[in-house]
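Fold and geometry: a report
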Amino acid sequence: MKDNQAKYPQLRFKGFTDPWVQRNLGEVVDVKSGRDYKHLSEGDIPVYGTGGYMLSVDEALSQNDDAIGIGRKGTIDNPYLLRAPFWTVDTLFYAIPRVGFDLNFTFDIFQKVNWRKLDESTGVPSLSKATINSVSAAVPSEDEQIKIGGLFEKIDNLIAANQRKLDLLKEQKKGYLQKMFPKNGEKVPELRFAGFADDWEQRKLGDVVGEIQSGNRLPKDSLTNGDVPYVVAQTKNDGVFTKIARGTLDYNGKPMKLFPGNSISFSIDNPEAMFYRNAEFYTSNIMRVIHEDHLTHEQYVFILENMKRFIRGYDWSRKFSGPVVSNLEYLQPSEKEQQKIGSFFKQLDNTITLHQRKLDLLKEQKKGFLQKMFA
């Protein structure tokens with residue numbers, strides 16, 4: 001469809017039937033540059049950069065309208081709303097909607113644009129005013145803009161509220177981890193369940209979990225559709241790259257090693273790719289697997305948290321190999337106390353996972369509305 005043809009979104013509010021008009025963003029917003037704030041003293045006016053809020057100063061911009069911030073250099077694909085009064089640094093543009101254009105609707109347009117594709121640099125990602133002004137978008141009447149913008153404002157507020165809940169849960173977990181595991185040089189944690197008083201004992205992980213196993217090298221052309229998760233060194237989707245068929249052959253033409261549930265998978269290269277597995281899975285050759293039949297889910301959670309604590313200070317220029325993990329020394333309480341601690345963090349992780357799924361669903365719903373409600 002050419003730009004001069006009538007445009008209609010797939011989904012509309014009742015009462016709106018007129019075609020949308022194609023506009024360049026230069027007709028919709030007035031793009032301005034940020035400037036230096038260093039001559040100002042501390043105050044109440046927020047200063048923003050490409051990453052968001054930076055600090056507060058004692059003087060506002062001469063222009064006190066709400067606007068949309070978008071990176072000039074660096075993070076160019078994360079536009080966000082700026083509420084007046086504010087300052088922006090010189091790496092952040094601010095775009096003020098012109099008369100007849102709703103702020104929230106205009107912000108939705110900025111979120112739909114693939115700014116990375118408009119990057120004008122071979123080095124640090126960059127945008128210019130001319131590039132922003134030249135972007136074309138279909139725009140309805142101001143009344144319809146306000147309706148659409150109001151809907152997405154509510155969705156954005158809901159997403160922000162759920163993100164705050166998720167961040168708070170993660171911070172709470174971090175706090176519990178600090179208090180429920182002994183600090184360096186100590187043999188008991190600051191916070192314990194009632195009835196436990198004995199010192200924790202020094203152990204080597206290899207003495208507890210036995211042999212640490214390796215995954216299989218699998219050629220890309222051997223990926224076949226199936227129902228068994230194939231785990232790689234990624235954090236997305238809990239490390240699951242795809243699902244493959246049972247009996248899939250590895251690089252040497254032998255059946256892939258099928259690992260049982262109630263295991264831990266971890267990468268030799270990526271510290272974040274470390275997960276508890278509750279069901280059968282295959283994994284790649286750069287992954288390692290810990291499994292012992294006698295260990296419970298709660299004990300595995302306890303071990304996993306110890307491993308995560310260890311890797312924070314690990315030198316990742318070296319491979320996080322099986323022997324390294326086997327020699328990992330940590331403090332361990334009685335089996336009953338491990339069960340209590342593991343059960344506590346299991347419940348906390350489940351709550352975090354549920355909130356993350358809710359947040360992801362909201363973001364997907366927003367994406368769907370953006371596709372259907374814009375021409």
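An account of the accompanying structure is given in this report. Being a predicted model, the structure only gives us computed values, none of them experimental. (Residues numbered from 1 in each chain as written. Predicted model: local features only at pLDDT ≥ 70, side-chain atom pairs only at ≥ 80, totals over all residues. Heavy atoms only, no water.)

1. Observations regarding the pattern of salt bridges
For the coordinates displayed, the defined rule picks out 17 salt bridges. A salt bridge links glutamate 171 to lysine 174; its shortest N-O distance comes to 3.3 Å. Residue glutamate 171 and its partner lysine 174 are both found in helix H4 (residues 142–180); the two are separated by three residues, about one turn of the helix. Close ionic contact of arginine 246 with aspartate 227 constitutes a salt bridge, the shortest N to O distance being 3.8 Å. Residue arginine 246 is located in the loop between strand E13 (240–244) and strand E14 (263–267), and its partner aspartate 227 is located in strand E12 (residues 225–231); the two are separated by 19 residues in the primary sequence. Sharing partners across several salt bridges, the network here consists of Asp66, Arg83 and Glu153. (Salt bridge = Lys/Arg side-chain N within 4 Å of Asp/Glu carboxyl O. Helix = DSSP H or I, 4+ residues; strand = E, 2+ residues; numbered from the N terminus.)

2. Quick word on the sheet that holds strand E2 (residues 29–33)
Ordered by their spatial adjacency, four strands build an open sheet running E2-E8-E5-E6, and the pairing between neighbours is antiparallel. If you trace the sheet from one side to the other, it starts and ends with E2 and strand E6 (80–82), each paired once. If you compare each strand with its neighbour and ignore which way they point, the axes differ by 35° on average. One ladder, built from four bridges, connects strand E5 (residues 67–71) with strand E8 (residues 92–97); its direction is antiparallel. (Pairing = 2+ DSSP bridges. Axes fitted to C-alpha atoms, helices over the stretch in contact; angles between N-to-C directions.)

3. Focus: the packing of aromatic side chains
Using the criterion set out here, one finds 20 aromatic pairs in the structure. Between phenylalanine 110 and tryptophan 115, the ring centres sit 5.5 Å apart and the planes meet at 35°, which makes this aromatic pair tilted. Under the relative-accessibility criterion, tryptophan 115 is labelled buried at 1%. Residue placement shows lysine 147 over the ring face of phenylalanine 13; its charged tip is 5.7 Å from the ring centre. The side chain of arginine 217 reaches across the aromatic face of tyrosine 251, ending 3.7 Å from its centre. (Phe/Tyr/Trp six-rings, centres within 6.5 Å; stacked < 30°, edge-to-face > 60°. Buried < 20%, exposed > 50% of the residue type's maximum accessible area, 1.4 Å probe, protein only. Lys NZ or Arg CZ within 6 Å of the ring centre and 35° of its normal.)

4. With respect to the nonpolar core
In terms of nonpolar packing, the biggest core is built from 65 residues, with Ile290 and Met307 touching the most fellow members. In this structure, isoleucine 290 is in contact with Leu205, Val209, Ile212, Ser263, Ile264, Phe266, Tyr300, Met307 and Val325, ignoring residues within four places of it in sequence. Judged by nonpolar contacts, the second largest core, of eight residues, contains Tyr48, Ala67, Tyr80 and Tyr94. (Core = buried A, V, L, I, M, F, W, Y, C linked by side-chain atoms within 4.5 Å. Contact = heavy atoms within 4.5 Å.)

5. Here we look at the side chain of glutamine 332
Counting through the fold element by element, glutamine 332 comes out in strand E18 (residues 329–332). Dropping the residues within four chain positions of it, glutamine 332 is found in contact with Trp200, Glu201, Arg203, Val208, Phe302 and Gln338.

6. Observations concerning the packing of helix H6 (residues 297–311) against helix H8 (residues 335–372)
As a packed pair, H6 and H8 sit with axes 7 Å apart at the nearest point and diverge in direction by 80°. Viewed along their axes, H6 and H8 adopt a mutual orientation that is roughly perpendicular. On the side of H6, the interface is formed by His297, Glu298, Gln299, Val301, Phe302 and Glu305, while H8 contributes Glu335, Gln338, Gln339, Ile341, Gly342, Ser343, Phe345, Lys346 and Asp349. Of the residues that constitute the contact of H6 with H8, the class distribution is four nonpolar, six polar and five charged. (Parallel < 35°, antiparallel > 145°, perpendicular 65-115°, else oblique. Nonpolar A, V, L, I, M, F, W, Y, C, P; charged D, E, K, R; others polar.)

7. Concerning the layout of surface pockets
Its boundaries defined by the atoms lining it, the largest pocket holds a volume of some 1,700 Å³. For the largest pocket, the lining is made up of 38 residues, of which Asp238, Phe275, Lys308, Asp349 and Thr353 are closest to its centre. If one sorts the elements of the lining of the largest pocket by residue count, H8 sits on top with eight residues. Within the lining of the largest pocket, the residues separate by chemical class into 15 nonpolar, seven polar and 16 charged. When its volume is computed, the second largest pocket comes out at roughly 600 Å³. Along the walls of the second largest pocket sit 23 residues, with Tyr80, Leu81, Phe107, Gln111 and Asp156 positioned nearest its centre. (1 Å grid on protein atoms, 1.4 Å probe; cavity = no way out; pocket = protein on both sides within 12 Å on 5 of 7 lines; lining within 4 Å. Points joined across faces, edges and corners; volume = space filled by probe spheres on them.)

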